[in-house]
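Results of the structural survey
Now for the letters of each chain:
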Amino acid sequence: MQGTVDGFSYGLVTPLVAYFMACLGGALGLRCTTRSMLVAQSWRPGWLALGSAAIGSGIWTMHFVAMMGFTVRGAPIHYDKAMTFASLAVAIVMVGVGIFIVGYRGARGTALFTGGTITGLGIASMHYLGMASMSLDGKLEYNTVTVGISVAIAMAAATAALWAAGQVRGFLWSVGASLVMGLAVSGMHYTGMAALSVHLHGTSEPATGDSPASLLAPMLIGPLAFLLLAGVVVMFDPLMVMGKPTVVPVEPKPGIPAHTHTHVRHSARRLRFRPRRTVEHRGTRTPQNR
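These notes cover the structure that comes with them. (Residues numbered from 1 in each chain as written. Predicted model: local features only at pLDDT ≥ 70, side-chain atom pairs only at ≥ 80, totals over all residues. Heavy atoms only, no water.)

**A word on the overall build of the protein chain**
Each helix and strand in the protein chain was counted, giving nine helices and six strands. When the 290 residues of the protein chain are sorted by exposure, 41% land in the buried category. Relative to all contacts within the protein chain whose residues are 6 or more apart in sequence, the contacts with residues 24 or more apart total 87%. A total of about 15800 Å² of accessible surface is found on the protein chain, and carbon and sulfur atoms cover 67% of it. (Helix = DSSP H or I, 4+ residues; strand = E, 2+ residues; numbered from the N terminus. Buried < 20%, exposed > 50% of the residue type's maximum accessible area, 1.4 Å probe, protein only. Contact = heavy atoms within 4.5 Å. Areas by Shrake-Rupley, 256 points an atom, 1.4 Å probe, with all protein chains shown as cover.)

**Points about helix H3 (residues 81-105)**
In this model, H3 (25 residues) spans 37 Å end to end at C-alpha, consistent with the 36 Å of a helix rising 1.5 Å per residue. Residues Thr84, Ser87, Leu88, Ala91, Val95, Gly96, Gly98, Ile99, Val102 and Gly103 constitute the buried set of H3. Taken from the residues just after H3, Gly106 is the one with a positive phi, measuring 100°. (Expected span 1.5 Å × (residues − 1).)

**Let's talk about the nonpolar core**
Judged by nonpolar contacts, the single largest core of 56 residues is most densely connected at Phe70 and Val72. Only helix H1 (13-36), helix H2 (44-67), H3, helix H4 (109-132), helix H5 (144-165), helix H6 (171-194), strand E6 (196-200) and helix H7 (212-235) provide two or more residues apiece to this core. Element by element, the count of residues in this core is highest for H2, at 12 residues. (Core = buried A, V, L, I, M, F, W, Y, C linked by side-chain atoms within 4.5 Å.)

**Describing the pairing of E6**
Successive residues of a regular strand alternate their side chains across the two faces of the sheet. Here E6 shows a clear split, with Leu196, Val198 and Leu200 buried on one side and none of Ser197 and His199 buried on the other. Across five bridges, strand E5 (residues 138-142) lies against E6 in antiparallel orientation. Of the residues in E6, the one forming a bridge with Leu140 is Val198. (Pairing = 2+ DSSP bridges.)

**A few points about the environment of Gly29**
Structurally, the position occupied by Gly29 is in helix H1. Put simply, Gly29 and Gly56 are 27 residues apart on the chain and 8.6 Å apart in space, counted from C-alpha to C-alpha. Residues in contact with Gly29, not counting those within four places in the same chain, are Gly51, Ala54 and Ile55.

**Notes on the packing of aromatic side chains**
Within this structure, the stated rule accounts for six aromatic pairs. Judged by centre distance (5.4 Å) and plane angle (10°), the ring pair of Phe8 and Tyr190 falls under stacked. One end of the pair, Phe8, is in the loop between strand E1 (5-6) and H1; the other, Tyr190, is in helix H6, with 182 residues separating them in the sequence. A residue is classified by how much of its surface remains accessible, and Tyr190, at 22% relative accessible area, is partly exposed. (Phe/Tyr/Trp six-rings, centres within 6.5 Å; stacked < 30°, edge-to-face > 60°.)

**Describing a nonpolar patch on the surface**
On the surface, Tyr10, Val13 and Val17 cluster together into a nonpolar patch covering about 300 Å² of accessible area. The topology assignment puts Tyr10 in the loop between E1 and H1. Tyr10 gets classed as exposed once you look at its relative accessible area, which sits at 54%. (Patch = residues over 30% accessible without salt bridge, like charges linked within 9 Å, V, L, I, M, F, W, Y side chains within 5 Å. Salt bridge = Lys/Arg side-chain N within 4 Å of Asp/Glu carboxyl O.)

**Concerning H5**
Compared with an ideal rise of 1.5 Å per residue, which puts 22 residues at 32 Å, H5 spans 32 Å between its outermost C-alpha atoms and is within 8% of the ideal. The set of residues buried in H5 consists of Thr146, Val147, Ser150, Val151, Ala154, Ala157, Ala158, Ala161, Leu162, Ala164 and Ala165. Along the axis of H5, the buried residues cluster in a sector spanning 160°; they form a single face. H5 presents Thr144 and Val145 as exposed residues on the side facing more than 90 degrees away from its buried surface. Taking the backbone nitrogen of Val145 as reference, a side-chain oxygen 3.2 Å away marks Asn143 as the first, capping residue of H5. (Arc of directions from axis to C-beta. Polar contact = N/O pair within 3.5 Å; in protein donor to acceptor, adjacent residues only side chain to side chain.)

Encoded structure:
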(Lines give C-alpha, C1' and ligand atoms only; values in the text may rest on other atoms or scores of the structure.)
Protein backbone atom coordinates (compact mmCIF):
# COMPACT_ATOMS: atom_id res chain seq x y z
CA MET A 1 0.00 0.00 0.00
CA GLN A 2 1.36 3.39 -0.98
CA GLY A 3 1.75 5.75 1.96
CA THR A 4 0.69 9.40 1.93
CA VAL A 5 3.77 11.53 2.62
CA ASP A 6 3.62 15.08 3.99
CA GLY A 7 6.85 17.04 4.36
CA PHE A 8 5.23 20.27 5.62
CA SER A 9 3.13 19.22 8.60
CA TYR A 10 3.87 22.52 10.37
CA GLY A 11 3.55 24.67 7.27
CA LEU A 12 6.47 26.99 6.54
CA VAL A 13 7.81 26.91 10.09
CA THR A 14 10.13 23.93 9.71
CA PRO A 15 11.48 24.90 6.23
CA LEU A 16 12.29 28.45 7.38
CA VAL A 17 13.93 27.36 10.63
CA ALA A 18 15.86 24.66 8.75
CA TYR A 19 17.04 27.22 6.19
CA PHE A 20 18.17 29.54 8.98
CA MET A 21 20.18 26.74 10.59
CA ALA A 22 21.85 25.90 7.28
CA CYS A 23 22.74 29.58 6.75
CA LEU A 24 24.06 29.97 10.30
CA GLY A 25 26.30 26.91 10.07
CA GLY A 26 27.45 27.91 6.59
CA ALA A 27 28.23 31.49 7.61
CA LEU A 28 30.31 30.45 10.61
CA GLY A 29 32.07 27.68 8.73
CA LEU A 30 32.94 29.82 5.73
CA ARG A 31 34.23 32.67 7.87
CA CYS A 32 36.44 30.24 9.78
CA THR A 33 37.73 28.91 6.46
CA THR A 34 38.48 32.45 5.32
CA ARG A 35 40.19 33.20 8.64
CA SER A 36 42.43 30.16 8.24
CA MET A 37 43.86 31.71 5.08
CA LEU A 38 44.88 34.86 6.96
CA VAL A 39 46.86 33.37 9.83
CA ALA A 40 50.13 31.57 10.40
CA GLN A 41 50.42 27.87 9.62
CA SER A 42 50.26 26.89 13.30
CA TRP A 43 46.75 28.36 13.72
CA ARG A 44 45.31 27.11 10.45
CA PRO A 45 44.24 23.57 11.52
CA GLY A 46 42.26 24.95 14.46
CA TRP A 47 40.28 27.37 12.30
CA LEU A 48 39.64 24.74 9.64
CA ALA A 49 38.47 22.22 12.25
CA LEU A 50 36.12 24.80 13.76
CA GLY A 51 34.74 25.60 10.30
CA SER A 52 34.19 21.92 9.52
CA ALA A 53 32.31 21.35 12.77
CA ALA A 54 30.19 24.47 12.22
CA ILE A 55 29.12 23.52 8.69
CA GLY A 56 28.53 19.88 9.64
CA SER A 57 26.46 20.82 12.70
CA GLY A 58 24.50 23.38 10.71
CA ILE A 59 23.45 21.05 7.89
CA TRP A 60 22.75 18.19 10.34
CA THR A 61 20.50 20.40 12.46
CA MET A 62 18.87 21.73 9.31
CA HIS A 63 18.05 18.18 8.19
CA PHE A 64 16.41 17.06 11.41
CA VAL A 65 14.55 20.31 11.97
CA ALA A 66 13.06 19.82 8.50
CA MET A 67 12.30 16.18 9.35
CA MET A 68 10.13 17.34 12.25
CA GLY A 69 7.60 18.31 9.60
CA PHE A 70 7.80 14.96 7.80
CA THR A 71 4.95 12.54 8.42
CA VAL A 72 3.50 9.45 6.78
CA ARG A 73 -0.23 9.01 7.26
CA GLY A 74 -1.01 5.94 9.32
CA ALA A 75 2.64 5.11 10.06
CA PRO A 76 4.35 6.58 13.13
CA ILE A 77 8.03 7.44 12.52
CA HIS A 78 10.83 6.61 14.94
CA TYR A 79 14.57 7.17 14.74
CA ASP A 80 17.57 5.06 15.61
CA LYS A 81 19.69 7.22 17.90
CA ALA A 82 23.07 5.68 17.03
CA MET A 83 22.59 6.05 13.28
CA THR A 84 21.20 9.54 13.73
CA PHE A 85 24.32 10.80 15.46
CA ALA A 86 26.53 8.76 13.13
CA SER A 87 25.17 10.95 10.32
CA LEU A 88 26.47 13.99 12.25
CA ALA A 89 29.94 12.44 12.46
CA VAL A 90 29.92 11.63 8.74
CA ALA A 91 28.93 15.22 7.92
CA ILE A 92 31.70 16.77 10.03
CA VAL A 93 34.42 14.39 8.82
CA MET A 94 33.63 14.59 5.10
CA VAL A 95 33.04 18.34 5.16
CA GLY A 96 36.31 18.65 7.09
CA VAL A 97 38.26 16.76 4.43
CA GLY A 98 36.99 19.11 1.74
CA ILE A 99 37.64 22.23 3.80
CA PHE A 100 41.16 21.18 4.73
CA ILE A 101 41.98 20.58 1.06
CA VAL A 102 40.83 24.08 0.13
CA GLY A 103 42.40 25.61 3.24
CA TYR A 104 45.86 24.28 2.40
CA ARG A 105 45.77 24.12 -1.40
CA GLY A 106 43.71 27.22 -2.14
CA ALA A 107 40.21 27.77 -3.52
CA ARG A 108 41.05 27.27 -7.18
CA GLY A 109 41.60 24.62 -9.80
CA THR A 110 41.84 20.98 -8.84
CA ALA A 111 41.88 21.69 -5.09
CA LEU A 112 38.58 23.60 -5.29
CA PHE A 113 36.94 20.91 -7.42
CA THR A 114 38.14 18.10 -5.14
CA GLY A 115 37.25 19.91 -1.93
CA GLY A 116 33.82 20.95 -3.20
CA THR A 117 33.05 17.45 -4.44
CA ILE A 118 33.99 15.80 -1.13
CA THR A 119 32.10 18.43 0.87
CA GLY A 120 29.01 17.99 -1.31
CA LEU A 121 29.19 14.22 -0.99
CA GLY A 122 29.43 14.68 2.78
CA ILE A 123 26.23 16.75 2.77
CA ALA A 124 24.43 14.15 0.66
CA SER A 125 25.77 11.26 2.77
CA MET A 126 24.53 12.95 5.94
CA HIS A 127 21.08 13.36 4.40
CA TYR A 128 20.60 9.80 3.22
CA LEU A 129 22.19 8.26 6.32
CA GLY A 130 19.81 10.36 8.40
CA MET A 131 16.94 9.06 6.28
CA ALA A 132 18.17 5.50 6.86
CA SER A 133 17.88 6.08 10.62
CA MET A 134 14.08 6.28 10.27
CA SER A 135 12.04 3.29 11.33
CA LEU A 136 8.41 2.86 10.30
CA ASP A 137 5.96 0.20 9.20
CA GLY A 138 6.93 0.43 5.57
CA LYS A 139 9.74 0.56 3.01
CA LEU A 140 11.46 3.68 1.72
CA GLU A 141 12.02 3.83 -2.03
CA TYR A 142 13.87 6.48 -4.03
CA ASN A 143 13.81 7.71 -7.58
CA THR A 144 17.38 7.32 -8.84
CA VAL A 145 17.34 10.32 -11.18
CA THR A 146 16.02 12.69 -8.51
CA VAL A 147 18.59 11.39 -6.01
CA GLY A 148 21.35 12.11 -8.54
CA ILE A 149 20.03 15.65 -8.99
CA SER A 150 20.05 16.21 -5.22
CA VAL A 151 23.68 15.03 -4.98
CA ALA A 152 24.68 17.30 -7.89
CA ILE A 153 23.03 20.26 -6.13
CA ALA A 154 25.00 19.51 -2.96
CA MET A 155 28.33 19.32 -4.80
CA ALA A 156 27.69 22.49 -6.81
CA ALA A 157 26.61 24.39 -3.70
CA ALA A 158 29.64 23.26 -1.71
CA THR A 159 32.04 24.17 -4.51
CA ALA A 160 30.53 27.63 -4.92
CA ALA A 161 30.59 28.26 -1.18
CA LEU A 162 34.24 27.19 -0.80
CA TRP A 163 35.19 29.37 -3.77
CA ALA A 164 33.51 32.35 -2.10
CA ALA A 165 35.29 31.59 1.19
CA GLY A 166 38.64 31.63 -0.61
CA GLN A 167 38.13 35.11 -2.05
CA VAL A 168 38.79 36.85 1.31
CA ARG A 169 36.67 39.87 0.44
CA GLY A 170 35.12 40.76 3.77
CA PHE A 171 32.21 39.79 5.96
CA LEU A 172 29.33 40.71 3.63
CA TRP A 173 30.79 38.56 0.86
CA SER A 174 30.72 35.50 3.13
CA VAL A 175 27.22 36.32 4.35
CA GLY A 176 25.97 36.29 0.77
CA ALA A 177 27.78 33.01 0.15
CA SER A 178 26.22 31.48 3.27
CA LEU A 179 22.72 32.51 2.13
CA VAL A 180 23.33 30.81 -1.20
CA MET A 181 24.76 27.76 0.53
CA GLY A 182 21.78 27.57 2.90
CA LEU A 183 19.39 27.78 -0.03
CA ALA A 184 21.28 25.08 -1.91
CA VAL A 185 21.49 22.75 1.11
CA SER A 186 17.77 23.18 1.77
CA GLY A 187 17.10 22.66 -1.92
CA MET A 188 19.19 19.48 -1.85
CA HIS A 189 17.22 18.24 1.17
CA TYR A 190 13.79 18.80 -0.32
CA THR A 191 14.91 17.50 -3.71
CA GLY A 192 16.00 14.32 -1.95
CA MET A 193 12.66 14.19 -0.13
CA ALA A 194 10.86 14.55 -3.46
CA ALA A 195 12.65 11.40 -4.61
CA LEU A 196 11.15 9.46 -1.68
CA SER A 197 8.10 7.24 -1.77
CA VAL A 198 6.87 5.03 1.07
CA HIS A 199 5.33 1.60 0.58
CA LEU A 200 3.46 0.62 3.76
CA HIS A 201 3.43 -2.98 4.92
CA GLY A 202 0.06 -2.70 6.61
CA THR A 203 1.11 -4.74 9.64
CA SER A 204 0.40 -3.93 13.26
CA GLU A 205 4.00 -4.40 14.42
CA PRO A 206 5.22 -1.34 16.32
CA ALA A 207 8.26 0.46 14.97
CA THR A 208 11.39 0.39 17.11
CA GLY A 209 13.64 3.26 18.10
CA ASP A 210 13.31 6.65 19.72
CA SER A 211 10.49 9.00 18.86
CA PRO A 212 11.15 12.41 17.28
CA ALA A 213 10.13 14.11 20.55
CA SER A 214 12.80 12.26 22.55
CA LEU A 215 15.47 13.20 19.98
CA LEU A 216 14.41 16.84 19.72
CA ALA A 217 16.12 18.11 22.88
CA PRO A 218 19.63 16.68 22.30
CA MET A 219 19.35 17.38 18.60
CA LEU A 220 18.80 21.09 19.15
CA ILE A 221 20.63 21.80 22.39
CA GLY A 222 23.97 20.21 21.49
CA PRO A 223 24.54 21.62 17.98
CA LEU A 224 22.95 24.97 18.84
CA ALA A 225 25.25 25.38 21.84
CA PHE A 226 28.25 24.62 19.64
CA LEU A 227 27.10 27.02 16.92
CA LEU A 228 26.59 29.69 19.57
CA LEU A 229 30.13 29.16 20.84
CA ALA A 230 31.51 29.28 17.31
CA GLY A 231 29.54 32.46 16.70
CA VAL A 232 31.11 34.09 19.79
CA VAL A 233 34.59 33.14 18.57
CA VAL A 234 33.90 34.59 15.13
CA MET A 235 32.23 37.74 16.47
CA PHE A 236 35.12 38.67 18.77
CA ASP A 237 37.78 38.16 16.12
CA PRO A 238 38.25 41.55 14.38
CA LEU A 239 39.86 40.02 11.30
CA MET A 240 36.67 38.08 10.61
CA VAL A 241 34.99 41.39 9.81
CA MET A 242 37.93 43.33 8.39
CA GLY A 243 39.09 40.56 6.08
CA LYS A 244 42.71 41.78 6.18
CA PRO A 245 45.67 39.46 6.50
CA THR A 246 47.62 39.26 9.71
CA VAL A 247 51.21 40.49 9.59
CA VAL A 248 53.13 37.55 10.95
CA PRO A 249 56.66 38.38 12.17
CA VAL A 250 59.30 36.20 10.55
CA GLU A 251 62.05 35.00 12.83
CA PRO A 252 65.62 35.16 11.43
CA LYS A 253 66.93 31.73 10.48
CA PRO A 254 70.45 30.63 9.52
CA GLY A 255 71.02 30.65 5.79
CA ILE A 256 68.07 32.96 5.04
CA PRO A 257 68.84 36.56 3.96
CA ALA A 258 67.66 39.20 6.38
CA HIS A 259 64.90 41.65 5.54
CA THR A 260 65.52 44.97 3.85
CA HIS A 261 65.07 46.97 7.04
CA THR A 262 67.77 44.84 8.66
CA HIS A 263 70.20 45.79 5.88
CA VAL A 264 69.34 49.45 6.35
CA ARG A 265 69.91 49.24 10.10
CA HIS A 266 73.27 47.56 9.68
CA SER A 267 74.29 50.07 6.98
CA ALA A 268 73.47 52.96 9.25
CA ARG A 269 75.49 51.37 12.03
CA ARG A 270 78.49 51.01 9.72
CA LEU A 271 78.16 54.62 8.64
CA ARG A 272 78.09 55.73 12.25
CA PHE A 273 81.35 54.00 13.11
CA ARG A 274 83.18 54.76 9.86
CA PRO A 275 84.19 58.37 10.76
CA ARG A 276 85.73 57.12 14.01
CA ARG A 277 87.96 54.70 12.15
CA THR A 278 88.91 57.44 9.64
CA VAL A 279 89.85 59.93 12.36
CA GLU A 280 91.91 57.33 14.16
CA HIS A 281 93.74 56.44 10.96
CA ARG A 282 94.57 60.07 10.17
CA GLY A 283 95.85 60.58 13.69
CA THR A 284 98.52 57.93 13.29
CA ARG A 285 99.91 59.63 10.16
CA THR A 286 100.29 63.10 11.74
CA PRO A 287 104.01 64.06 12.10
CA GLN A 288 105.25 64.37 15.67
CA ASN A 289 106.61 67.72 16.95
CA ARG A 290 110.28 67.75 17.69
